[in-house]
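Analysis of the macromolecular model
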Amino acid sequence: MGDDRGRAQRLFFAVWPDAIAAARLEAVATVARSVCGGRAMARDSLHLTLAFLGEVSLEQAAAARVAADGLRQPGFELCLDRHGYWRHNHILWAGGDCPPLVTLAGRLQQALGRAGFQMEERPFATHLTLLRNARCASPPDLVEPVRWPVREFLLVASDPTSGRAAYRAVHRWALG
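Remember, predicted model here, so these are calculated numbers, not experimental data.

Examining helix α3 (residues 99–114)
Taking 1.5 Å of rise per residue, 16 residues should cover 22 Å, and α3 covers 22 Å from first to last C-alpha, within 8% of that figure. Within the span of α3, buried status applies to Leu101, Leu104, Ala105, Leu108, Gln109, Ala111 and Leu112. Projection of α3 onto a plane perpendicular to its axis shows the buried side chains occupying an angular sector of 160°, all on one side. Opposite the packed face of α3, turned more than 90 degrees from it, sit the exposed residues Pro99, Gln110 and Arg114. The inward-facing, buried residues of α3 contact β1 (9–15), β3 (48–56), α2 (58–69), β4 (76–80) and β9 (152–159).

Put into C-alpha cells, the structure is as follows:
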C-alpha cells in the first residue's frame, strides 16, 4: 500500500470480468447507450461489487483482509443474461441468477459484519453497472449472455477524485 500510509481509503470487494467478458460487456454497453444514452463504463472499470466498505482506516482495511482470509469456496461461472434499469439513479445494469456468487457475497458480508463493519441491510443483487446517467423507458434486451469464470475476488481501492473512478487492486483471494 506504500503511499497510502495513514490515509483513509475507499474500499470495496468485487469480482472482475476476464478480458474477453470485459470486451463483450463494453460492446453491450455501447449498444445500450445508443438506446438509453448516458455514460458507458470504461472496460477496465467493469466489475461486480460483492461488498462496499466506503472510507476505511488502514486498521479497518487490515481487519477486512483478515475477515476475507477465512473464506473458502470453489470457483464458478458467472452468467449475466439480462438487463435491468434503476430509474431512481439512472443506472442500466447487466445481471443474472448465480447462486455461487450470492453465496460468496453472503459469506463475505457475514465475515465483515463479525469484524465490526456495518453492512447494507438490503439483499445482495447480482448486477454489473453498464451505463450511468441513462434514460430508458425500459431496458433493452441482452442479445447474448456474457459469461466468465470467476476464480478470484478482490479488495479494491477507488479514487473518485480523479474525475472517473480509478480502481486499484489491494489484495486478491483465489477461489477453488
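Picking up after the structure, the text goes on.
Quick look at the pattern of salt bridges
It is possible for side chains of opposite charge to pair when their charged atoms get near one another. This model, assessed by the stated rule, comprises 7 salt bridges. One salt bridge connects Glu26 with Arg43, and the closest N-O pair in it is separated by 2.6 Å. Highlighted residues: Glu26 in helix α1 (residues 19–36) and Arg43 in the loop between β2 (39–40) and β3, separated in sequence by 17 residues. Since its relative accessible area comes to 41%, Arg43 is described here as partly exposed. With its nearest N and O atoms 3.3 Å apart, the salt bridge here joins Glu77 to Arg147.

Considering the state of the cysteines
Summed over the entire model, instances satisfying the criterion amount to 1 disulfide. The disulfide partner of Cys36 is Cys136, and the gap between their sulfur atoms is 1.9 Å. In this structure, the disulfide formed by Cys36 and Cys136 twists by about 120° around the S-S bond and is classed as right-handed. In this pair, Cys36 is assigned in helix α1 and Cys136 in the loop between β7 (127–132) and β8 (146–150), connecting sequence segments 100 residues apart. Grouping residues by exposure puts Cys36 and Cys136 together as buried. For the unlinked cysteine Cys79, the closest cysteine sulfur is that of Cys98, found at 8.4 Å. Accessibility expressed as a relative area gives 4% for Cys98, which makes it buried.

A closer look at the environment of Pro74
Within the secondary structure, Pro74 sits in the loop between α2 and β4. Taking the C-alpha atoms as reference points, Pro74 and Pro100, 26 residues apart in sequence, are found 8.6 Å from one another. Discounting chain neighbours no more than four positions away, the residues touching Pro74 are Leu175 and Gly176.

Focus: the sheet that holds β1
Across the sheet, which stays open at both edges, the 4 strands sit in the order β3-β1-β9-β10 with antiparallel pairing between neighbours. Two strands close off the open sheet at either side, each with one partner strand: β3 and β10 (166–174). Taking the axes of each pair of neighbouring strands and ignoring which way they run, one obtains an average angle of 20° across the sheet. For β9 and β10, the ladder comprises 8 bridges, and the chain directions are antiparallel. What sits directly across from Ser158, in β10, is Tyr167.

Cut-offs and rules
Residues numbered from 1 in each chain as written. Predicted model: local features only at pLDDT ≥ 70, side-chain atom pairs only at ≥ 80, totals over all residues. Heavy atoms only, no water. Helix = DSSP H or I, 4+ residues; strand = E, 2+ residues; numbered from the N terminus. Expected span 1.5 Å × (residues − 1). Buried < 20%, exposed > 50% of the residue type's maximum accessible area, 1.4 Å probe, protein only. Arc of directions from axis to C-beta. Contact = heavy atoms within 4.5 Å. Salt bridge = Lys/Arg side-chain N within 4 Å of Asp/Glu carboxyl O. Disulfide = S-S within 2.5 Å. Pairing = 2+ DSSP bridges. Axes fitted to C-alpha atoms, helices over the stretch in contact; angles between N-to-C directions.

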